[in-house]
Amino acid sequence: MISGTNGLLGAADGAFILQKTKRIDNKGILNIVGRDQQNQKIYLEFDREKCLWKFIKMETELCKEPLDPIVKMVGEIVTKNKSDWIGTASELADLLPKEISPNALTRRLNVNAERLLEEFSIYYQTSRTRTGRQIKLTLMKK
């Protein structure tokens, strides 16, 4: 919806686009897209009396993106060992069968932390120590 040579979305990391089928229509669809968030569609209805948009439903399945293969590999490593994992991004990258830089791995885990929790029940967190950054992957009990 936002395209062309004007570069309207060029500097933004994401966008919320409210679209109505007719100009005078009370119903609209809020499309949410972005680099660090999952694409979503939210159906809304405008209450003219209160001047307020009301939530109708959310369509997540159609916009749900497939799981990042790197994140899937990380999830499988932790669930296979059935224990928590603590270490640096370099150490975790060395465990993966596919070659990836530690910075790229950390970036992908940051973006997909929620999916890692949903799909594999693994809580992802990072911290800074005296020696550098550390990743902790905690396998949650179901």
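This section reports on the structure supplied with the text.

What counts, and at which threshold
Residues numbered from 1 in each chain as written. Predicted model: local features only at pLDDT ≥ 70, side-chain atom pairs only at ≥ 80, totals over all residues. Heavy atoms only, no water. Pairing = 2+ DSSP bridges. Helix = DSSP H or I, 4+ residues; strand = E, 2+ residues; numbered from the N terminus. Axes fitted to C-alpha atoms, helices over the stretch in contact; angles between N-to-C directions. Phe/Tyr/Trp six-rings, centres within 6.5 Å; stacked < 30°, edge-to-face > 60°. Lys NZ or Arg CZ within 6 Å of the ring centre and 35° of its normal. Buried < 20%, exposed > 50% of the residue type's maximum accessible area, 1.4 Å probe, protein only. Polar contact = N/O pair within 3.5 Å; in protein donor to acceptor, adjacent residues only side chain to side chain. Contact = heavy atoms within 4.5 Å. Salt bridge = Lys/Arg side-chain N within 4 Å of Asp/Glu carboxyl O. Arc of directions from axis to C-beta.

Moving on to the sheet that holds strand S5 (residues 85-87). Taken in spatial order, the three strands make up an open sheet running S5-S7-S6, and their pairing is antiparallel. With one partner strand each, in any of the chains shown, S5 and strand S6 (122-128) form the two edges of the open sheet. Across the sheet, the mean angle separating the axes of adjacent strands is 10 degrees when strand polarity is ignored. Pairing between S6 and strand S7 (residues 133-139): seven bridges, direction antiparallel.

Applying the stated criterion across every chain, the model contains one aromatic pair. The ring of Tyr43 carries the charged tip of Lys57 above its face, separated from the ring centre by 5.0 Å.

In this section: unusual backbone geometry. Positive phi, close to 50 degrees, is recorded for Cys51, a residue that is not glycine. Overall, the relative accessible area of 61% leaves Cys51 in the exposed class. Positive phi is not limited to glycine here, since Lys82 has a value of about 55 degrees. Within the fold, Lys82 resides in the loop between helix H1 (69-81) and S5.

Tracing the sequence through the fold places Asn112 in the loop between helix H3 (102-111) and helix H4 (113-120). Separated by 2.9 Å, the side chain of Asn112 and the backbone oxygen of Arg108 make a polar contact. Beyond its immediate chain neighbours, meaning those up to four positions away, Asn112 contacts Asp68 and Val71.

Our focus in this paragraph is the pattern of salt bridges. For the coordinates displayed, the defined rule picks out three salt bridges. For Glu119, the salt bridge goes to Arg115, with nearest N and O atoms at 3.6 Å. In this pair, Glu119 and Arg115 both sit in helix H4, four residues apart, roughly one turn of the helix. On the accessibility criterion, Glu119 (38% relative accessible area) is partly exposed.

What follows covers H4. What H4 keeps buried is the set Arg115, Leu116 and Phe120. One side of H4 carries all its buried residues, which in axial view fall inside an arc of 105 degrees. Just downstream of H4, Ser121 is the residue with a positive phi angle, here 60 degrees.

What follows concerns the sheet that holds strand S1 (residues 14-19). Ordered by their spatial adjacency, four strands build an open sheet running S1-S2-S3-S4, and the pairing between neighbours is antiparallel. Of all the strands in the sheet, the pair left with one neighbour each is S1 and strand S4 (52-59). On average, each strand axis in the sheet is tilted by 25 degrees relative to the strand beside it, whichever way the strands run. In terms of strand pairing, strand S2 (residues 27-34) meets strand S3 (residues 40-47) through six bridges, oriented antiparallel. Bridge pairing in S3 places Leu30 opposite Ile42.

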